[in-house]
Every structure is written in C-alpha cells, then in structure tokens.
Amino acid sequence: MLERQIRVARGLEDADLVLKHGKIVNVFTEDIQEGDVAVCEGMIVGIGSYRGRKEVDCTGKYIAPGFMDGHIHLESSMMQPAEFARTVLPHGTTAVFTDPHEIANVCGTQGIDYMMRATEGLPLEVYFVLPSCVPAALLDESGACLEAEELKPYYQSKRVVGLAEVMNYVGTVAGDMNVLKKIQEAVSQGKVVDGHAPGLGGKELCAYLTAGVMSDHECATAEEGLERIRQGQWMMIREGTAAKNLEALMPLFERPYCEHAMLVTDDKHPGDLEKLGHIDYIIRKAVSLGADPCIAVKMATYNTARYFGLKHLGAVAPSYQADLVVLSDLEQIQVEQVYKKGLLAADRHNGCAVQEPVVNSKLKESVTHTFRMKRFTVEDFYLPVSRDRQPEKMRVIELHPGQILTGEYITEYSSASNGTDVQQDIIKLAVMERHLCTGHIGLGYVKNYGLKKGAIASSVAHDSHNLIVAGASEQDMYTAAEAVRKMQGGWAIALDGEVLEVLPLPIAGIMSDRPLREVEGQILKMKKIARELGVPEGIDPFMTLAFISLPVIPRLKLTTFGLVDTDTQEIVDAVF
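Parameters at a glance
- Residues numbered from 1 in each chain as written.
- Predicted model: local features only at pLDDT ≥ 70, side-chain atom pairs only at ≥ 80, totals over all residues.
- Heavy atoms only, no water.
- Core = buried A, V, L, I, M, F, W, Y, C linked by side-chain atoms within 4.5 Å.
- Buried < 20%, exposed > 50% of the residue type's maximum accessible area, 1.4 Å probe, protein only.
- Domains from an automatic or database assignment.
- Contact = heavy atoms within 4.5 Å.
- Pairing = 2+ DSSP bridges.
- Helix = DSSP H or I, 4+ residues; strand = E, 2+ residues; numbered from the N terminus.
- 1 Å grid on protein atoms, 1.4 Å probe; cavity = no way out; pocket = protein on both sides within 12 Å on 5 of 7 lines; lining within 4 Å.
- Points joined across faces, edges and corners; volume = space filled by probe spheres on them.
- Nonpolar A, V, L, I, M, F, W, Y, C, P; charged D, E, K, R; others polar.

**A closer look at the nonpolar core**
Thought 1: Formed by 164 residues in total, the largest nonpolar core has its most connected members in Phe253, Ile283 and Tyr449.
Thought 2: Residues from two domains meet in this core; each of domain 1 (64–275 + 298–346) and domain 2 (368–571) gives at least three.
Thought 3: With near-sequence residues (within four places) excluded, Ile283 lies in contact with Phe67, Leu263, Ala296, Val297, Ala300 and Ile333.
Thought 4: In this structure, Val37, Val39, Ile44 and Val316 belong to the second largest nonpolar core, which totals 19 residues.

Structure below.
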C-alpha cells in the first residue's frame, strides 16, 4: 500500500480520488494555496497537479480538513450515535471526542461499553475520553461509582485518548488520592487529561495544572483564558446549546493564543444541530465576529488533533488521512461535500447514509431499564416544616438569563403556600433519586424560571440524571414525575392533575431511539406548552432544569440530598 501511495505521490500512477483546482486551507501557514488534492488508499498523498481514477472539479471552492469537536457529550444530543452522525456529517464534522459521563453516571461501565459499541464503524470517527467524575460530587447520587481500576482497561482501546473533564478540581487541588490516581493512570498511559474548573486562578490553578490537567472548557472571560494559556493550559472555546462563551473569548483567536485553543460544543441539542449546525456554526460565527477564517478552521482541525496526539488528522497535506470538507466559501462556511478516508460521506444535496452498528441485546437491555425508584406520593413534594417553630426565611436558587451559573436569593417564607409564590416567580423544585431505590428527595425553590401553573419533569439532570421536577403545585409535580417514572425516562408536562405531553427517552433516561426530526418535533411541541404555562422565550424549560441539579457549577444547586452550596460543598437549609 505504501509503495503505491509513493508512486501516486510522484505522479507515476493515477490517484483513487483527485479534488481538482481547489483553494486549499493550509493550517500550517494559515493561508490559501491553489491546486489539486490527491488521495490514495484513504490518505492524502499529494498537493499540486494530479490525475485520478475519479476527479471532482472544485474550481472556486475551498478544501479544508474535516472539522472536529474537541469536547462533547454525545448523550446530550438526545440521539443515538448513528443518528448523531447522520446529522453532523453534512455539516463537515468528521471526528468528535466524547465524554460518556452522562450515561456512565446512570449505567456505569455498561454505559461506556454501550457508547463504544454504538459508535463502532461509523463514518464519523468517535474518540473517547473516560469519565473522571462518576458521581460528579460527593453530594450527588448516581447509578454508579467509577474508580481508577474500573477505567484502566479502557486505555487499551485506540479510540480512548484521555481522561475527561476533572470536575472535582477542589479534590484535585487538595490532593484527593482517588482523583489523583485517575489522573496518574491516564498520564502513565500517555493520554491527555481534560479539565473543568470554572473561575480557578492563581496558585490553585498552578496546583491543578501540576496535577496533570492539560485543558479546560469552563472559561467565561478572555482574561481567564489568557491566564490559563500563559500557564501552558489548552483552552477549549465552547459554544453549545447551554453555555455560549465564543463571543467573550474572541481575543483567543489572535496569535499567539490561537496556537493553544480549539473549538468545542460540550452540549448540543438536536434542534440546534439541525438548524444552526455543529462546528461549522462556531467557525461561521467566529468569522462574523472578526476571526481570520484560516485560523478559525485551524482551531477546529489541526489544533484539536495536535492536542489529542493524533498526528494523522487535521490537515490537507501528504501523509494525513483524507478527511476533507469542500466549502463554497470561507465566510458562510457552506459545506458542499464531506469525504472520510477519501470516500464521499455526505453531500449537501443528498445528505448521507449511516448504517447503525449492531448492539447485542444484553448490552442494550442494560441501558434501557434504568429506573429503580421507590413509589412516591403527593405528600413527598411538601417541604417538611417544624411544628415548634415556623420558618421565617427561605433560600432560593436564582436563575440568571443565558447562564448555567445560579445565585442565592433570600426572601420571606409563606406558610400558606408552602413557599411557592408565582407573583415573585418562585416555584417548588424537587430532585428524586432514581437509580438505587433510596427514596431520597431533595426539595427547594427556584426563581426566574417563569412557570405560572402546572409542572415540568425531566430525567435529564446533569450529571447524575435523577428525576427533577419544577412546579407551581405539588399535585402537578407528582403527576409529571410519575409520568416520567412510568416511561423509564423522558420529559413530561402536567396541569391540573393531567399529563399534557411527554417525550420518552428510553436509553438511560437521557436518549431517544427515534429519528432527529421526530424528536425535535416533540421538543418544539413541549416548549410551546411550557411557554403557555409561563416559561419565557429566553429560558429553555428543559435545558435549564438539566443544570439546576449540577453541584459542580456555582453557586446554589439542588440534589437528592437537598440544597447544595457549591462553594463550600455543604447542604444548606431551604427554609430557616
């Protein structure tokens, strides 16, 4: 094979494929060069003037490396991997680096095994970074607990390239041996270690990096990003459905900072993927905000491959894998064709065909029956109050528009309504354990969600994915939560004791087994109902709920144990 590739490179033999007369995005010199791209046996072997058994005229078009998402949770797309591939390949994405901690928090190693099997052989290359925090925090209850020994065997797979976001940065800096063992194992295997440390700086950042953490996607300001790059950390510039940091981090697209930055989505919902795009959308937006197109493409290709140590990916040059994107222009980033290993994988007009990998029935069964809950009643949704002393104040989770960060709001407690006050935009919140049948229910309040009546429940609640429900009445909270429990996972909306609409998510309670457009159609229908119940346009009713229970994002969150002050990692009283 190599002998033939060399002959084709020398022009002594026709290539398998030649993209003719294209404008090639050179990620090494960050400029455009014109010429043919010759492909042989799935690899690029020449740039210049070539003949091929198959020739595609690319006159006036741009040829770039296939786009890569450096950090994503495939489960957050709510689609099975094959459906995800069908969606993103036409947008130019040829590789993703996924952290399966969502499904691992529900199903443990069986969740990882399922995702690896369900991505095997797809035309979209799926690499894995192993979940470092299952559960995400001590004050959370998930379906599994993964230590270094459980993760170690997975490093033997060529598709496993690192340890995923070390969310327990407090434990890392404090020298927690359980965390350090995971980091040390990854480093000893020559793998990368991704970070997750919002707001960390100074000597604590130095300690975090000393432990071996090499990157971070939790960066909200350019100043924070520059500090990290100066300390040698790679920045993952995130623009997803929930968290959007691109605009604030635009200074990182300038030299020399862009050399240590890449583009990621983290979480991306189906509607956004279909309507806006994937990594192509981030490049497009960055260019519209003033980024050099060649640098933006480099940050979505070569930089990502370089960070993960994949020397055969990320460039249009000899010896690189022929993962190529043909673009009509470099401003709108309109994808015309996508080639994977030299074969046409997607076309703008004809889409793409993706064969779904076969997952054995036993493994599939392990991720489709994941609800193990004690039966609950309406009374469980009432916050217990001491008969001896009525509380005077209540501590409320305060939502901030467009952010997954929350604040603390203190207000007067009303015993007549058990704390709920729709006039102040304060409603009841509950998180119910659904993995180990413990019967634990955390109760609290949330402000600025907008709901005026009814209740909304979901089993998509990062990262442990317990059952979360917000409502203006305890009866509707019970009705919505019971609907999700009976479905073995999903979304539900209830009003006046009746279920209005549901979205089943049978795979681990977080993913659908239906096509994207069917799922998105149901999502739009349920969002419309949520708007009618009061949730304003600026708030995603389900994505917002999903992050209210994540105790590693400041500042006040709710888990099955109760209200958590994330700064101190302590349970605090909802009423006092």
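**Considerations on the pairing of strand S26 (residues 562–565)**
Thought 1: Two strands pair when backbone bridges link them, and strand S25 (residues 556–559) and S26 are joined in this way by 4 bridges, in the antiparallel orientation. Among the inter-strand pairings, Leu556 is bridged to a residue of S26, identified as Asp565.
Thought 2: In this antiparallel pair of consecutive strands, S25 and S26, the connection spans 2 residues.
Thought 3: Two elements, S26 and strand S27 (residues 570–572), share 3 bridges in a ladder whose sense is antiparallel. Note on S27: the bridge partner recorded for Val564 is Ile571.
Thought 4: Hairpin geometry of S26 and S27 is characterised by an intervening segment of 4 residues between the two adjacent antiparallel strands and by a positive phi of about 55° at Gln569.

**What to know about empty space enclosed by the protein**
Rolling a probe over the atoms, with the probe sized like a water molecule, indicates the empty space that remains.
Thought 1: In this structure the tally under the stated criterion is 3 cavities of 30 Å³ or more.
Thought 2: For the largest cavity, the calculated volume is near 120 Å³.
Thought 3: Taken together, the residues that form the lining of the largest cavity break down as 7 nonpolar, 5 polar and 7 charged.
Thought 4: Both domains that furnish three or more residues to the lining of the largest cavity are identified here as domain 1 (64–275 + 298–346) and domain 2 (368–571).
Thought 5: By volume, the second largest cavity is sized at about 100 Å³.
Thought 6: Residue lining of the second largest cavity: 14 residues in total, with Ser76, Met78, His269, Val460 and His462 positioned closest to the centre.
Thought 7: Examining the composition of the lining of the second largest cavity, we find that 3 residues originate from one element, helix H17 (residues 541–548), more than from any other.
Thought 8: For the lining of the second largest cavity, the class distribution of residues is 7 nonpolar, 4 polar and 3 charged.
Thought 9: A domain split of the lining of the second largest cavity shows at least three residues from each of domain 1 (64–275 + 298–346) and domain 2 (368–571).

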